[in-house]
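# Overview (structure and organization)
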Amino acid sequence: MRSARASYDKVIFELSSPGRFACSLPACDVPESDPAALLPKAYLREMPPELPEVSEVDVIRHYSRLSQMNYGVDTHFYPLGSCTMKYNPKINEDMARLAGFLRLHPLAPEAASQGALALMHELARDLAEISGMDEVTLQPAAGAQGELCGVLMIRAYHLARGERRHKVLIPDSAHGTNPASTALAGYGVVQLKSGESGEVDLEDLTRHLDEDVAAFMITQPNTLGLFEARIHQITEMCHAKGVQVYMDGANLNAILGITRPGDLGFDVCHFNLHKTFTTPHGGGGPGAGPVGIKSHLAPFLPVPVVAKDADSYRLDWSRPQSIGKLQAFWGNFGMLVRAYTYIRTMGPNGLRSVSENAVLNANYVLKRLEADYDRSAPGPCMHECVLSARRQKRLGVSATDIAKRLLDLGFYAPSVYFPLIVEEALMIEPTETESKETLDAFCDAMIQIAREAESDPQLVRDAPVTTPVRRLDQTLAARQPELRWKASGR
Amino acid sequence: MSNVPADLRYTREHEWAKVDGDRARVGITAFAQEQLGDVVFVELPKVGARVTAMQGFGVVESVKAVSDLFAPLSGEVVEVNGELAKKPEVVNADPYGQGWMIVIKCADLKQLDGLLSAVDYEKLIAAAAH
Amino acid sequence: MRYISNTPAQQKEMLGAIGVSSVEDLLVRVPTKARLSRPLNLPDALAETDLIRHLRDLAGRNASADDHACFLGGGSYDHTIPSPINHLILRGEFFTAYTPYQPEASQGTLRSIYEYQSMIAELTGMDVANASLYDGASSLAEAALMAHAVTGRNGIVLSSSVNPLHRQVVETYCEGPDLKLRSVPQADGVTDLDALRKAVSSTTAAVVLQYPNFFGCLEDIATAAEITHAAEALLIVSADPVNLGVLTPPGALGADIVVGEGQSLGVPLSFGGPNLGVFAAKQELVRRMPGRLVGATVDLDGRRGFVLTLQTREQHIRREKATSNICTNVALCALMATIYLAIMGKQGLRTVGELSLAKAHYAATEFSKVPGVRLRFPAPFFKEFTLQLPKSPERVVKRLMKEKILGGLPLKTLDRRYRDCLLVAVTEKRTREEIDRYSRALAAAVA
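Residues numbered from 1 in each chain as written. Chains lettered and ligands numbered in written order. Predicted model: local features only at pLDDT ≥ 70, side-chain atom pairs only at ≥ 80, totals over all residues. Heavy atoms only, no water.

## Quick look at the overall build of chain A
Secondary structure assignment for chain A yields 15 helices and 13 strands. Relative to its length of 490 residues, chain A is compact, with a C-alpha radius of gyration of 25 Å against a globular reference of 23 Å. When burial is assessed residue by residue, chain A has 69% of its 490 residues classed as buried. When contacts within chain A are restricted to residue pairs at least 6 apart in sequence, those whose partners lie at least 24 apart make up 72%. For chain A, the distance from the average site of its 50 positive side-chain charges to the average site of its 59 negative ones is 3 Å. (Helix = DSSP H or I, 4+ residues; strand = E, 2+ residues; numbered from the N terminus. Rg over C-alpha atoms; globule rule 2.2 N^0.38 Å. Buried < 20%, exposed > 50% of the residue type's maximum accessible area, 1.4 Å probe, protein only. Contact = heavy atoms within 4.5 Å. Lys, Arg positive; Asp, Glu negative; His and termini not counted. Charge placed at Lys NZ, Arg CZ, Asp CG, Glu CD.)

Structure below.
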């Protein structure tokens, strides 16, 4: 049953043969080439590092075979909730690889980087318009770093006003990076209870809102895929106590052209370019996490800020109240080019259509599955829906088992066990780039699994059986971590 | 059936204490190890460290979860189970025996009154199971 | 809209199945007051040919290293990028895959990360490496935070010869945990070890050095290690991994944590991002390491497989007690580095280093022959060096640009004390012809 093609069990070191090589480097064209003549002996490595010795054919074949063991959006439907696994346009890749972008050194003179700076400035302006914010920094390397950036700016804001606040409020439905980033910024995290549908519990919020709270961080729509309708009331309550409101922008794909964080009362929001704006996930990054702010936070933006003077652009370092820097250079420029290309491809109507179709697709899936799986909340969802495999769990089939069985049926699994407040959670985000045919095939598979849970639960628990490996011993991996290849090993 | 030895005292955080004179041997309960799943790592204090009742003294990790360990009583750590560094699975296999974690020389034995009896702990975990 | 598959007819069908008449009915929860009442004020959609023209125009306004001989360094380098890398990373299964949380469907990514970890550990001389962090600067910051967590101490001693951009990032990350940063001056281009001895104390969590340092000079890591360990602090060394095919690795010199910018390992310049944050440490520190770790294990049939492991350190489980907040890393860049190192291999990486070393020394010698130009520091250097110029480095760089040479980094904006200096990097890609051309242009520029 398992594809013969998929059964490949090599690690590159195992293909090594002494003397084989894959690189092509020129001969030395300068007079003195002996390292021993140029550096003191103590600095010179005695033995070369134990890297593989393989041919170019070995390299191509090995990594091609490795790739065949992966599921990607290019090959499989990938309904991972909250990750927005939408199609990654190939034109983005071409544009990011234009020599003027790809081969531009970050420290090249500004006069010689005007095209790159212009792109960054325009992208920041586009993201500001999309989010209803006043300014945007493109520096953070990922959503989590964006969160850190935003919280540090809030911290600087309070300090500048002569206030030292110690707490940040975060709902129990939040993504793990929210409390982690907050802790990194030096704040204590106070967890708020969510209501049944993941909405903010206004009583709990009122109870905890005081002048020692620096910020309230929420995801909008929330992590159950529902729009928090009382958001104006919430942001007003917070502002009345001097509390800044932060929006985790992971779910922005639901609201493009429909509503904007800035119009809802948020002071800060971050963007996940690798979610909403199609930059590829790459097996776990790189991403990009720009942050949008209202003007009262502008003095605290990280340096440098891309500034425009009449017709030219420059890097502005003179920001005395800046929180500093998050990464060495100016941002994940390669990802910025891709996002910019996407926004220019879609235009305002296209972006609106993205969210409308994202919402439509998620509701269609919800409708088709609601008879067989428990909903986590009533009413329509936004761009993702959260189901509970509670019923299946009683039959001995967990959300994990369902996820694994989907792999056998040719789909990547939804997110499981997130948000924490839903039992046996299955979070499904189809995205707008999927067709009805694909959604129907996925729903058929989910319904089939629900049936199997009733008639043959062991079949589901044994899954997956068609993937290159079956379920893996996580306990062994954690008890006896083997984190690097050793010559004598295996 | 529930594995709650009658001769031990318990905390609400699922630690057990076996008191002998002014020494208390401490570990986590059968219920706790079952909830955690396969234990992969236990972080314990050094001999000589001071612990405070109901404050953290270490961490127990499984593949998917991490739990803080809470001291049932205040005092000084006089023994630490070195076996757990090599064989954390003992916590799962024998939580009340070989899976013991530390021995505390207690500062104030009156603190025992704050701990749960076996009967009360059984009620606690029965409620938690729903 | 070519990225949206559903036709109007299908949309209608789906709405019917849901039981509503339009998408508006699905947006009921969004209050009218919150609704955007106009289209987004963005330029209209561009058709592909217009889009390409527009982007080519923007790209054309930049001085790429394809048209200019690039002697710029300072944390980003124009090293060879072998052609197979691009072809392999463009395979959809690699670049459109997600983080490998479902390991059975992600063995390609997991296996390549395991290889990456192995290669980085080997290069740096450490026991274990993680799956990557964002970039060298944030890796360095994470190392400082880790040292604080491990030792319980608040003090971070940083050499002033560490890249100033990296130092700024460390400062920003140390704000929240309120760590105390202390700078140690350099003397003659390397860390002043006597000053270091005085700066290190029982409140020091870590000492941070860069190797080679920002000025290109090689530091005495071994002595710094002795000083650091005598105070029971951790030594963090930031090193460009591509140099470690030739240089003695920091692990062999006493480093406890090695970080660095891995961009030189097959990752394009790309105006400074995305980059590759290298992070490696000694075995006893593994459970305190930020970032993902891939480990080997077996499946139900005893077959070898790979999984993300020690995940309880990470944010999705530990939340506010996590070792860090990192979620996304830079898996695709780590893959580029893995393929790069496989292609270069044992011998090739050594050759890259030896060529860079040789050409940099040739360049330094030639440039120093120009009247008024001298090497600023006497310390041994690897592939980067600091020139002191008799005329404004900014002006010199401008003149060199006319000759299609990216001459280097004037140091004034980063450190006013070196306002008459230019940081020059020479990699294996620079030909003798380019170096000689630079010499001539330099001579004309300072005459």
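## Describing the pairing of strand E3 (residues 155–159) of chain C
All names here are of chain C. Among the 5 residues in E3, 5 count as buried, and that is most of the element. In E3, alternate side chains face the same way, and those of Gly155, Val157 and Ser159 on one face and Ile156 and Leu158 on the other are all buried. Pairing geometry for E3 and strand E7 (residues 204–210), over 4 bridges, is parallel. Paired with Val157 across the two strands is Val207, which belongs to E7. Note that E3 and strand E4 (residues 180–184) share 5 bridges and pair parallel. (Pairing = 2+ DSSP bridges.)

## A word on empty space enclosed by the protein
Applying the stated criterion across every chain, the model contains 9 cavities of 30 Å³ or more. Computed from the structure, the largest cavity encloses a volume of approximately 210 Å³. If you trace the largest cavity, you find 22 residues lining it, with Gly75, Tyr77, Gln210, Pro212 and Asp240 of chain C closest to the centre. Empty space within the second largest cavity amounts to approximately 90 Å³. If you go around the second largest cavity, you meet 13 residues; those closest to its centre are Pro171, Ser173, Ile218, Thr219 and Asn222 of chain A. Examining the composition of the lining of the second largest cavity, we find that 3 residues originate from one element, strand E4 (residues 213–219) of chain A, more than from any other. Residues that form the lining of the second largest cavity fall into these classes: 5 nonpolar, 7 polar and 1 charged. (1 Å grid on protein atoms, 1.4 Å probe; cavity = no way out; pocket = protein on both sides within 12 Å on 5 of 7 lines; lining within 4 Å. Points joined across faces, edges and corners; volume = space filled by probe spheres on them. Nonpolar A, V, L, I, M, F, W, Y, C, P; charged D, E, K, R; others polar.)

## Some details on the sheet that holds strand E12 (residues 415–416) of chain A
Residues and elements named next belong to chain A. Read from one edge of the open sheet, 4 strands run E10-E11-E13-E12, paired in antiparallel fashion. Of all strands in the sheet, those bounded by a partner on one side alone are strand E10 (374–375) and E12. When E12 meets strand E13 (residues 425–428), the two strands line up antiparallel, connected through 2 bridges. Bridge pairing in E13 links Ser415 to Met427. Relative to strand E11 (residues 385–388), helix H10 (residues 333–369) is tilted by about 20°, and along the sheet it contacts E10, E11 and E13. (Axes fitted to C-alpha atoms, helices over the stretch in contact; angles between N-to-C directions.)

## Topic: a positive patch on the surface
All names here are of chain C. A cluster of basic side chains, namely Lys391, Arg395, Lys398, Arg399 and Lys402, defines a positive patch on the protein surface. Inspection of the secondary structure puts Lys402 in helix H12 (residues 393–402). Owing to a relative accessible area of 67%, Lys402 belongs among the exposed residues under this scheme. (Patch = residues over 30% accessible without salt bridge, like charges linked within 9 Å, V, L, I, M, F, W, Y side chains within 5 Å. Areas by Shrake-Rupley, 256 points an atom, 1.4 Å probe, with all protein chains shown as cover. Salt bridge = Lys/Arg side-chain N within 4 Å of Asp/Glu carboxyl O.)

## Some thoughts on helix H6 (residues 143–160) of chain A
Over its 18 residues, H6 of chain A extends 25 Å from the first C-alpha to the last, a length consistent with the 26 Å expected when each residue adds 1.5 Å. The positive-phi residue at the C-terminal boundary of H6 of chain A is Gly162 of chain A, with phi of around 80°. (Expected span 1.5 Å × (residues − 1).)

## Regarding the layout of surface pockets
By volume, the second largest pocket is sized at about 760 Å³. If you trace the second largest pocket, you find 23 residues lining it, with Leu107, Ala108, Pro109 and Glu110 of chain A together with Thr413 of chain C closest to the centre. Looking at the lining of the second largest pocket residue by residue, the classes come out as 16 nonpolar, 4 polar and 3 charged.

## Remarks on H12 of chain C
Residue and element names in this part refer to chain C. When we look at burial in H12, the residues that qualify are Pro393, Val396, Val397 and Leu400. In a view along the axis of H12, the buried residues occupy a sector of 100°, so they form one face of it. Set apart from the buried face of H12 by more than 90 degrees, the exposed residues are Arg395, Lys398 and Lys402. Where H12 is buried, its residues contact strand E15 (405–406), strand E16 (409–410), strand E17 (421–425) and helix H13 (432–446). (Arc of directions from axis to C-beta.)

## Points about the interface of chain A and chain C
Counting residues at the interface gives 206 residues for chain A, matched by 194 residues for chain C. With both chains or domains summed, chain A and chain C bury close to 17200 Å², and 63% of this area falls on carbon and sulfur atoms. Per-residue buried area on chain A facing chain C is highest for Arg45, Arg103 and Leu483 of chain A; these three make up 5% of the total on that side. At the boundary of chain A with chain C, the tally comes to 14 salt bridges. Along the contact surface separating chain A from chain C lie 95 residue pairs in polar contact (both at pLDDT 80 or more). With 26 residues, the single largest contributor to the side of chain A that touches chain C is H10 of chain A. (Buried area = accessible area lost by both parts, 1.4 Å probe. Polar contact = N/O pair within 3.5 Å; in protein donor to acceptor, adjacent residues only side chain to side chain.)

Geometry only, nothing functional implied.
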